[in-house]
Amino acid sequence: MLLRTSSYSLKASSPITQVAPLATSRLTAAIAVTVLTGWVAQIDLLKNFAPGMIAMNPFTAGGLLAASIALFLRQPIDAPKERSIFGQLLAGMIIAMGGLNLLFCNHNLVSPKWLMLPPLADGSLVEANGARISLSFVLIGASILSLNWKSSRGFRPAEAASAVTTIIAILSLVSYSHYLIGLYTTSTYTPASLLTSISFFLLATGILLARADRGTLAIIVSETAAGMLARRLIPLAILLPILIGALRQTAERAGLYDPIFGAAHSATTFMVLFFAAIWWTTRMLFRIDTNRMVAEGARQKQEEQVRQLNIEKIAAERASQAKDDFLAVLSHELRTPLTPALAAASYLAEHENLSPELHEEVVAIRTSVQLEARLIDDLLDLTRITRGKIELHLEVVDVHGLLRNSLEIARDNILQKQLDLVMDFGADRHHVWADAVRLQQVFWNLINNAVKFTKKNGRITVRTVNEDGRFVFQITDTGVGIEPEQLDRIFQAFEQGERSISRRFGGLGLGLTISKRLLELQGGTMTVHSEGLNRGASFKLSLASVESPKTASVSRLIADEGPAKSLQLLVVEDHPQTLRVLAALLRKQGHKVLTAECVQAAIKLLEAEQFDGLISDIGLPDGNGCEIMRAAKQRQSLVGIALSGFGMEEDVRRSIAAGFDHHLTKPIDFQELQKFVGAMAVRTHHSAP
């Protein structure tokens with residue numbers, strides 16, 4: 001069963017599959033047109049290129065011209081439908097012509113007189129369309145007609161028919177080259193002219209190569225070693241016997257040597273030339289194989305390098321993860337003992353009956369603890385940003401409000417150093433789309449740096465303007481300045497400029513790095529300018545401005561309102577000092593506080609008492625605070641506040657998922673805890689006893 005395919009998924013893999021069919025069809029057409037011109041103009045030289053040989057019949061020339069046109073029309077794989085149909089009609093006519101001539105030959109019928117042409121003036125015979133020529137026409141026509149056909153098993157009839165035609169043509173060419181006159185002039189052989197044999201050979205070759213990207217010939221045109229070997233040896237196997245035979249017969253007819261020596265000479269010449277061709281091809285294949293082995297060795301070496309790099313990458317990722325885990329644990333261990341100190345210092349700093357001298361000492365303690373916590377936060381923020389784990393909560397933010405808050409935080413330090421603060425909030429559009437907490441962190445870092453690096457009685461200028469639809473904040477100080485060669489490195493981690501400055505002012509050099517990256521994550525930019533050492537520095541921040549909201553924006557920060565009602569609170573903390581200080585401070589605020597140091601003790605209290613709020617550490621000796629929160633949610637309705645030395649985004653997500661309403665990272669500022677507890681009192685509607 002034959003299947004016809006109308007489209008192909010493969011394209012020719014070699015230019016020869018595109019060039020050869022066109023070249024052979026045009027060359028065959030040129031030969032046929034030349035012969036037909038000779039018969040029309042009665043020019044014997046055009047009828048028969050070699051006088052004394054057999055001349056091509058004009059009807060054969062017409063059939064060859066039709067076959068060359070049909071091959072030209074059918075050669076493109078994506079030929080238009082009309083073109084393909086016309087080529088098929090021509091191929092059908094060629095089959096019919098060859099079939100009728102075969103019918104005459106098989107029944108020993110006499111060919112029509114108009115097919116039997118007399119010899120030429122020089123005595124050259126004119127071929128008749130006998131069995132061999134007629135069969136070649138049938139095969140050529142069938143090949144062109146079935147050019148795109150194949151069987152269900154992949155057999156292509158066009159290849160088989162073209163191969164048979166090629167063999168018939170080669171037999172005639174060998175006969176001519178060896179001057180076997182009796183073979184190509186006998187009536188039983190039905191002689192064909194040399195031009196006819198050449199034309200059939202060209203057409204058959206062109207048809208074979210027209211679809212050489214598929215089927216048997218795909219190997220020959222492929223870029224493999226087998227294809228290269230075939231392309232060099234097959235033409236030689238065909239052409240060498242023909243050329244050597246022609247040279248032998250020419251030399252014998254010229255009397256250079258007798259037939260016996262000629263036979264030995266031609267056989268020897270064939271062996272030598274064919275051996276040379278094999279040797280030439282073998283050397284080339286050897287070079288290709290050598291290059292392939294070298295390339296394979298290089299590829300294996302590269303794969304080994306890639307494998308080694310992957311191993312190193314995995315090791316680096318594990319080391320990075322281990323570093324992050326270590327930093328998280330370290331921060332937890334560092335934060336935990338700071339919590340009672342900061343909570344107590346914050347509470348005492350607001351105490352009205354504290355003497356001025358003691359108040360100053362308490363404020364110094366609180367500031368030192370806050371600075372220690374800030375250094376820990378900077379390390380964790382850098383880790384979050386580097387790993388892409390930081391989360392932003394974007395909303396419309398009033399930047400002027402954030403700036404005033406940041407300046408208020410730094411007010412004590414500004415007053416202590418007696419700095420001249422100049423504020424010029426000239427921006428009309430001062431709302432941006434940003435994370436309020438992270439943006440205030442940026443402002444606090446810049447203001448804190450300006451205060452830290454400016455000498456006593458210096459000046460700090462804060463300005464805001466609008467430029468090209470953007471909000472621009474600029475802070476300029478008269479401090480230590482930045483060396484020109486340090487400007488390009490000032491935003492790199494752990495950079496603070498000259499070493500003596502680092503030793504003098506302290507810090508890890510992370511604030512500017514974190515600020516710049518946080519700003520870039522929110523679509524902003526930051527630049528720095530300085531005239532040099534002791535000539536101050538100026539930082540410029542830019543963010544796209546947005547329209548101010550018509551209604552007041554709901555802040556994510558909890559309002560600072562004191563607890564209007566007494567609450568029943570459960571505080572869970574395994575650090576005794578922290579537990580004692582937090583419980584004492586909450587009781588002084590009028591709340592009833594029960595405490596627990598482990599998960600089991602907390603759950604027992606939840607089973608026995610009703611609570612308005614749960615304030616629990618996450619890391620506990622016999623479990624974690626998330627277990628307590630889940631158990632509490634199953635028994636009663638309360639507000640949960642998680643306390644933890646782990647402040648990564650994953651830690652916050654886990655605590656919120658467990659049911660906590662808020663997550664505070666240690667060390668806990670008692671004023672901040674007061675805000676959440678005050679909001680809890682409003683939410684629970686619990687009446688004071």
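Quick caveat: nothing in here was measured; it's all calculated off a predicted structure.

With that out of the way, let us pick up the overall build of the protein chain. Each helix and strand counted, the protein chain has 22 helices and 16 strands in total. Accessible surface for the protein chain amounts to roughly 35,500 Å². Of this, 61% is attributable to carbon and sulfur atoms.

Among the nonpolar cores identified, the biggest contains 37 residues, and L439, L446, F473, I475, F539 and L541 are the most heavily contacted of them. Those elements giving two or more residues to this core turn out to be α13 (399-409), β5 (431-434), α15 (436-453), β6 (459-467), β7 (470-477), α17 (511-521), β8 (525-529) and β9 (537-546). Among the elements that make up this core, the one with the highest residue count is α15 (eight residues). Contact partners of F473, with chain neighbours within four places excluded, come to L403, F443, L446, V462, R463, T464, F539, K540 and L541. Judged by nonpolar contacts, the second largest core, of 36 residues, contains A67, I133, A169 and L203.

The next thing to look at is the sheet that holds strand β15 (residues 639-644). Sheet architecture is open: five strands sit in the order β11-β10-β12-β15-β16, paired in parallel fashion. If you trace the sheet from one side to the other, it starts and ends with β11 (592-596) and β16 (662-665), each paired once. For this sheet the average axis-to-axis angle between neighbouring strands, irrespective of direction, equals 20 degrees. Pairing between strand β10 (residues 568-572) and β11: five bridges, direction parallel.

The next thing to look at is the side chain of S515. Looking at the element boundaries, S515 is found in helix α17. Dropping the residues within four chain positions of it, S515 is found in contact with V442, N445 and M526.

A separate point is the packing of aromatic side chains. Under the criterion given, the structure shown has two aromatic pairs. Taking 5.1 Å as the distance between ring centres and 75 degrees as the angle between the ring planes, the aromatic pair formed by F137 and F200 counts as edge-to-face. Of this pair, F137 sits in helix α5 (residues 131-145) while F200 sits in helix α8 (residues 194-210), placing them 63 residues apart in sequence. Residue F137 is classed as buried on the basis of its relative accessible area, which comes to 1%. A ring pair is formed by F443 and F473, whose centres lie 5.0 Å apart and whose planes are at 70 degrees; its orientation type is edge-to-face.

The next subject is helix α20 (residues 625-635). For α20, the complete set of buried residues consists of G625, C626, I628, M629, A631 and A632. Two or three places before C626, at the start of α20, stands the capping residue N624, its side-chain oxygen 2.9 Å from that residue's backbone nitrogen.

This part covers the pattern of salt bridges. Per the counting criterion, the structure on display carries 13 salt bridges. Of the charged contacts, one joins K540 and E467 as a salt bridge, the two residues approaching to 3.6 Å between their closest N and O atoms. Pair noted here: K540 is in strand β9 and E467 is in strand β6, with a separation of 73 residues, a long-range link. For K540, a relative accessible area of 31% puts it in the partly exposed group. Connected through shared salt-bridge partners, E296, R299 and E303 make up one network.

Next up on the list: α5. Helix length check: α5, at 15 residues, gives a terminal C-alpha distance of 21 Å against a target of 21 Å (1.5 Å per residue), a fit within 8%. Across the 15 residues of α5, 11 count as buried, placing the element largely inside the fold. Within α5 the residues assigned to the buried category are R132, I133, S134, S136, F137, V138, L139, I140, G141, S143 and I144.

Further remarks concern the confidence of the model for the protein chain. Per-chain confidence: the protein chain averages 79 in pLDDT, with 82% of residues scoring 70 or above. Overall, residues 1-13 carries pLDDT values under 50, and its contacts beyond four positions in sequence, including any with other chains, amount to 28 contacts. In this model, residues 551-563 is a region of pLDDT below 50 whose contacts with residues beyond four sequence positions or in other chains number 22 contacts.

On to the packing of helix α3 (residues 58-74) against α8. Interhelical geometry of α3 versus α8 gives an angle of 15 degrees and a closest axis separation of 11 Å. As far as their axial angle goes, α8 and α3 are roughly parallel. The element α3 and its partner α8 pack so that their crossing is left-handed. Packed against α3, whose contacting residues are T60, L64, A67, S68 and L71, the element α8 presents T196, S199, F200, L203, G206 and I207 at the interface.

We now examine the pairing of β10. The element β10 is largely enclosed, with a buried count of five among its five residues. Neither face of β10 is exposed, since Q568, L570 and V572 on one face and L569 and V571 on the opposite face are all buried. Handedness of the crossover is the feature at issue here: the chain leaves β10, passes through helix α18 (residues 576-588), returns alongside β11, and the resulting connection is right-handed. Examined bridge by bridge, β10 and strand β12 (residues 613-617) share four bridges and lie parallel to one another. Looking at the pairing, L569 lines up with G613 of β12.

Conventions used here
Residues numbered from 1 in each chain as written. Predicted model: local features only at pLDDT ≥ 70, side-chain atom pairs only at ≥ 80, totals over all residues. Heavy atoms only, no water. Helix = DSSP H or I, 4+ residues; strand = E, 2+ residues; numbered from the N terminus. Areas by Shrake-Rupley, 256 points an atom, 1.4 Å probe, with all protein chains shown as cover. Core = buried A, V, L, I, M, F, W, Y, C linked by side-chain atoms within 4.5 Å. Buried < 20%, exposed > 50% of the residue type's maximum accessible area, 1.4 Å probe, protein only. Contact = heavy atoms within 4.5 Å. Pairing = 2+ DSSP bridges. Axes fitted to C-alpha atoms, helices over the stretch in contact; angles between N-to-C directions. Phe/Tyr/Trp six-rings, centres within 6.5 Å; stacked < 30°, edge-to-face > 60°. Polar contact = N/O pair within 3.5 Å; in protein donor to acceptor, adjacent residues only side chain to side chain. Salt bridge = Lys/Arg side-chain N within 4 Å of Asp/Glu carboxyl O. Expected span 1.5 Å × (residues − 1). pLDDT = per-residue confidence, 0-100. Parallel < 35°, antiparallel > 145°, perpendicular 65-115°, else oblique. Left-handed = near helix turned anticlockwise from the far one by under 90°. Right-handed = clockwise from strand over helix to strand, strands pointing away.

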